[in-house]
Amino acid sequence: MSKIRAAITAVGGYVPEYRLTNEILETMVDTTDEWIMSRTGIKERRILKGEGLGTSDMGAEAVKQLLEKRGIGADEIDLLICCTVTPDLVFPATANIITDKIGAKNAFGFDLMAACSGFLYGLTTGSKYIESGQYKKVVVVGGDKMSSIIDYTDRTTCIIFGDGCGAALLEPTEEEVGIMDAIMKSDGSGRVHLHQKAGGSVKPASHETVDAKEHFVYQEGQPVFKFAVTNMAEVSAEIMERNNLVSDDITWLVPHQANKRIIDATANRMGVGEDKVMLNIHRYGNTTNGTIPLCLWEWENQLHKGDNLVLSAFGGGFTWGSIYLKWAYDSK
Ligand code: UT7
């Protein structure tokens, strides 16, 4: 019997309507469009507006779209993994809320937290449930409402992040397509450079933590940048070597969209030209868990069965990794 692989068989995405442009940010903090563009490549990001709306609302929209494309019902989903750092609530899991909102009555679900690498960790985890033969339809959602943890008076972080969510359906295949290989890494000592200080068990929320703005993203940009450039490029080169891939074999690099300069360094290291790099950072900024599935969603129409994709990410934790997959379908 041939090996069962997990293949992406549909993707969905959702970005909120409201556009927070660099020009608007210029009126909020001491910054310029020129600085933001030259340092990050970001022009605008989407922000989820509306009372009572959270990550699950974007996730539910992305999954509904994916189900419609695949022509299946929500009750056919076996498992839903939601990768996020901005869950609706600390508990229960946002995955449970999404399954409820879409009516996925037969699914179990859980959240997975690996910051910007979360979607890759989620795809890897989901693929194992498929490869085991036990589950047939696993949905991996990646997304964040970053605006809920961003301090819009801090010019070093508010220019980077945006809101958005994507989702991918994994199904079994015995063909030579799907997830071929994955390398996932983490180094918890990096947590000092990128984290949220309060709201967890070490420092529960209090008046003091709110006054000290400790529920917002804390980031030391330069060390994170340095580690990101080195590790994202390194792990992408490693997965190519391990699978005997040369640059000409790569159809698309699908990088986490944190900073255009980090993406360029990764593409250079892989020997991949700009025309093979999925890039939408200028329109959405860094949506954390949303960046990679949103790229797949936007490029889906250009993908063909057998295309070689390398997905790469780096983020808080530190966490990083690469997935090599062969695209499983021609879009209709
Ligand atoms: O996805 C999660 C992982 N996160 C990342 O991958 C982010 C990695 N880091 C970065 O992308 C970059 O470090 C940033 C975009 C965050 C910052 O760019 P940088 O080139 O590293 O700038 P910097 O932090 O070294 O700051 C340079 C200068 C500073 O001023 P002085 O001290 O030289 O006078 C900053 O205060 O730029 C200043 N600055 C700004 N100026 C205008 C910082 N933010 C801004 C701003 N507008 N928004």
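The rules behind these values
Residues numbered from 1 in each chain as written. Predicted model: local features only at pLDDT ≥ 70, side-chain atom pairs only at ≥ 80, totals over all residues. Heavy atoms only, no water. Helix = DSSP H or I, 4+ residues; strand = E, 2+ residues; numbered from the N terminus. Rg over C-alpha atoms; globule rule 2.2 N^0.38 Å. Buried < 20%, exposed > 50% of the residue type's maximum accessible area, 1.4 Å probe, protein only. Contact = heavy atoms within 4.5 Å. Lys, Arg positive; Asp, Glu negative; His and termini not counted. Charge placed at Lys NZ, Arg CZ, Asp CG, Glu CD. Pairing = 2+ DSSP bridges. Axes fitted to C-alpha atoms, helices over the stretch in contact; angles between N-to-C directions. Polar contact = N/O pair within 3.5 Å; in protein donor to acceptor, adjacent residues only side chain to side chain. Domains from an automatic or database assignment. Buried area = accessible area lost by both parts, 1.4 Å probe. Salt bridge = Lys/Arg side-chain N within 4 Å of Asp/Glu carboxyl O. Near = heavy atom within 4 Å. Areas by Shrake-Rupley, 256 points an atom, 1.4 Å probe, with all protein chains shown as cover.

> Any chance you could explain the overall build of the protein chain here in plain terms?
In terms of regular secondary structure, the protein chain is built from 10 helices and 13 strands. A compact globule built from 332 residues should have a C-alpha radius of gyration of about 20 Å, and the protein chain, at 19 Å, falls within 12% of that. For the C-alpha atoms alone, the extent of the protein chain along its principal axes is close to 60 × 45 × 35 Å. Per-residue burial for the protein chain yields a buried fraction of 55% across its 332 residues. Considering only intrachain contacts with a sequence separation of at least 6, the fraction spanning at least 24 residues in the protein chain is 76%. Here the protein chain carries 33 positive and 44 negative side-chain charges, and the mean point of each set is 2 Å from the other.

> Mind showing me how you'd approach the pairing of strand β11 (residues 252–255) here?
Note on strand geometry: in a regular strand, side chains alternate between the two faces of the sheet. The alternating pattern of β11 places Trp252 and Val254 on one face and Leu253 and Pro255 on the opposite face, and all of these are buried. Of the strand pairs in this sheet, β11 and strand β12 (residues 308–315) are connected by 4 bridges, and their pairing is parallel. Directly across from leucine 253, in β12, lies its bridge partner valine 310.

> Got a minute to help me understand the sheet that holds strand β7 (residues 163–173) in this structure?
Strand pairing in a sheet relies on backbone hydrogen bonds. The paired strands run either parallel or antiparallel. Strand order in the open sheet formed by 5 strands is β1-β7-β6-β4-β5, with mixed pairing between adjacent strands. Only two strands of the sheet have a single partner each, and these edge strands are β1 (5–14) and β5 (108–112). Across this sheet, the average inter-strand angle for adjacent strands is 20 degrees, counted without regard to direction. Pairing between strand β4 (residues 79–83) and β5: 5 bridges, direction parallel. Directly across from isoleucine 81, in β5, lies its bridge partner phenylalanine 110. Across the sheet, helix α4 (residues 94–102) is in contact with β4, β5 and β6 (138–145); its angle to β4 comes to roughly 125 degrees. The strands that helix α10 (residues 291–299) touches are β1, β6 and β7; relative to β1, the one it contacts most, it runs at about 85 degrees.

> What am I meant to see in the side chain of threonine 94 here?
Tracing the chain through its elements places threonine 94 in helix α4. Judged by relative accessible area, which is 0%, threonine 94 ranks as buried. Reaching out from threonine 94, the side chain makes a polar contact with the backbone nitrogen of aspartate 88 at a distance of 3.0 Å. Residues in contact with threonine 94, not counting those within four places in the same chain, are Thr55, Ser56, Cys82, Thr84, Pro87, Asp88 and Asp111.

> Would you mind going over the domain arrangement of the protein chain with me for this structure?
A common way to state how big an interface is: give the accessible area lost once the parts meet. Domain annotation for the protein chain reports domain 1 (5–176) and domain 2 (180–326). The distance between the C-alpha centroids of domain 1 and domain 2 comes to 14 Å. Domain 1 puts 50 residues into the contact, and the matching count from domain 2 is 46 residues. At the boundary of domain 1 with domain 2, total buried surface from both sides reaches about 3,700 Å², with 60% on carbon and sulfur atoms. Looking only at domain 1, the three residues that lose the most surface to domain 2 are Cys116, Leu120 and Tyr121, adding up to 17% of its buried area. Our enumeration of links across domain 1 and domain 2 arrives at 3 salt bridges. At the surface where domain 1 touches domain 2, the tally comes to 19 residue pairs in polar contact (both at pLDDT 80 or more).

> Where do I start with the site of the ligand in this structure?
Close to the ligand lie 22 residues; Thr31, Arg39, Gln222, Asn259 and Asn286 are nearest. The side chain of threonine 31 places a nitrogen or oxygen atom 2.6 Å from a nitrogen atom of the ligand. Protein chains bury 74% of the 950 Å² of accessible surface belonging to the ligand in isolation. Counting only elements with at least two residues in the shell around the ligand, the list comes to α2 (33–40), α7 (221–242) and α8 (260–270). By residue number, the principal contributor to the shell around the ligand is α7, which donates 4 residues.

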